[in-house]
Amino acid sequence: MICQKLSDFPKSELQKLMSRGNQLSDVGPTVDAILKNVLENGDSAILAYAAQFDKVNLSALLVTQKEIDDAISSLSPVLLSHLQKAADNIRKFHEAQLPKEIWIENTKGILLGQKQVPLSRVGCYVPGGRASYPSTVLMTAIPAKVAGVSEVIVCTPARADGTVHPLTLAAVKIAGVDKVFKTGGAQAIAAMAYGTQSIPKVDKIVGPGNVFVTVAKMKVRDFAEIDFPAGPSEVLIIADDFADPKMTAADILAQAEHDPNSISVLVTPSEAFAKKVLLELDSQKKAAKRREIIDAALLHSAILTVENLDDCVDFSNQFGPEHLQIMVDPKSEDKVLSKIKNAGSVFVGNYAPVPAGDYASGTNHVLPTSGYVRLYSGLNTMHFLKLITIQKISKEGLSNIKDTVVALAEEEGLFEHAEAIKKRFD
């Protein structure tokens, strides 16, 4: 892991850090072939990819109710209670995000309103492979159900024995998911976008994934809407001497263990603090269970020193992190937070590590990566709603805007638009 002054950081390395080593274009042809195969061959293509990529021979894609019941019965009541607690917190936060009904009369006789209509069917992609992610089931399915989506399906890779992780299936039950299918990767995205013999076509696909999943989502938008590009996880930490080096190092390692392509960046005005964190990293990672993944991730991570906290904020806004931790003197917290413009989710204070939001605080952990926070918000209840505007207009109300509508319509050369107004007053 590089530890260096930002001013001395080589431009080529800085560009690589800012772009996150973007490999989206590299996998385009492979993803195109997968999408085409699934579109043309449906379930048979999905089953073949399960054998090729997941090394599992499946006879069916749909997870049965018995599989779900057996999975739940195999788990300890204590673990299930923790999953339920996380679900409750997630549900409460996303219920608070529901938009309020709007009715205003901004011109006498014209009543304007807004109603929200949920999408009919949503597909949630839940990664597998290196680890199971029941928390992603909760983060994607619960907001959809809160919004009122009628049918929520989940696609997630099967394990080598043909099963889905029991905790993932428990999360499916708690979140109210309607159907679960054993498929992952770009082929799962294709299945949800196009529909197959077993997997229904959805209106929108949400959830994080690897570069193949991300590219597939971006390529199927003519068939199904998506949330946003969400690739390997990343964190940027703004810290000063108030922060604890042990906590900071632990937070970097927590992010690094996600994926070899995960990125962790610490930016600080204190060179002394930076060196302490670097020493802690070397010490703590020796006991890490996912050491190989962590070492790979740290190769493209960095500790950068700058002149002051304002420089930290400037760098953070340019970087646009998925997760942003602010670990500074409490007197400076609000000032730093007020200047943040680009971040997926912000964690303030020494006792607000990213894993709290990953699992149980209640905010959503499905967030844009690779700088897309400049364009997109993290997953929220509004992703599953359409807003329809309404106008109730009386004769008096139309009379109050008649001259304006007629003048503007005629100026644009749309004379029948103007006549549609005039004829109501003939």
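Provided above is the structure to which this section pertains.
How each quantity is defined
Residues numbered from 1 in each chain as written. Predicted model: local features only at pLDDT ≥ 70, side-chain atom pairs only at ≥ 80, totals over all residues. Heavy atoms only, no water. Helix = DSSP H or I, 4+ residues; strand = E, 2+ residues; numbered from the N terminus. Buried < 20%, exposed > 50% of the residue type's maximum accessible area, 1.4 Å probe, protein only. Contact = heavy atoms within 4.5 Å. Areas by Shrake-Rupley, 256 points an atom, 1.4 Å probe, with all protein chains shown as cover. Lys, Arg positive; Asp, Glu negative; His and termini not counted. Charge placed at Lys NZ, Arg CZ, Asp CG, Glu CD. Pairing = 2+ DSSP bridges. Axes fitted to C-alpha atoms, helices over the stretch in contact; angles between N-to-C directions. Arc of directions from axis to C-beta. Core = buried A, V, L, I, M, F, W, Y, C linked by side-chain atoms within 4.5 Å.

Glancing now at the overall build of the protein chain. Each helix and strand counted, the protein chain has 17 helices and 14 strands in total. Its C-alpha atoms give the protein chain principal-axis dimensions of roughly 85 × 60 × 45 Å. Taken across its 426 residues, the protein chain has 49% of its residues classed as buried. Partitioning the intrachain contacts of the protein chain with sequence separation of at least 6 by distance along the chain shows that 76% fall at a separation of at least 24. For the protein chain, the computed accessible surface area is about 20200 Å², with 52% contributed by carbon and sulfur atoms. For the protein chain, the separation between the mean place of its 45 positive charges and that of its 50 negative charges on side chains is 3 Å.

On to the sheet that holds strand β12 (residues 323–327). Judged by pairing direction, the sheet is parallel, and its six strands sit side by side in the order β1-β11-β10-β9-β12-β13 without closing on themselves. Whereas interior strands pair on both sides, the edge strands pair on one side only; in this sheet they are β1 (2–5) and β13 (345–348). On average, each strand axis in the sheet is inclined to that of its neighbour by 15 degrees, with strand direction left out of account. On the sheet, helix α10 (residues 245–256) packs against β9 (234–239), β10 (263–268) and β12 and is oriented at approximately 155 degrees with respect to β10.

Within helix α3 (residues 43–53) the residues assigned to the buried category are Asp43, Ala45, Ile46, Tyr49 and Ala50. The buried residues of α3 occupy one face: seen down the axis, they fall within an arc of 160 degrees. Buried residues in α3 make contact with α2 (28–41) and α8 (185–194). Lys55 lies just past α3 and shows a positive phi near 55 degrees.

Turning to the nonpolar core, a few remarks are in order. In this structure, Leu138, Val177 and Phe384 are the most contacted members of the largest nonpolar core, which totals 41 residues. Going through the elements one at a time, α4 (65–73), α5 (77–96), β4 (121–125), α6 (134–147), β5 (151–156) and α7 (166–175) are the ones with two or more residues in this core. The leading source of residues in this core is α6, at eight residues. Judged by nonpolar contacts, the second largest core, of 34 residues, contains Phe181, Ile189, Val202 and Ala216.

By themselves, these observations are geometric and do not establish any function.
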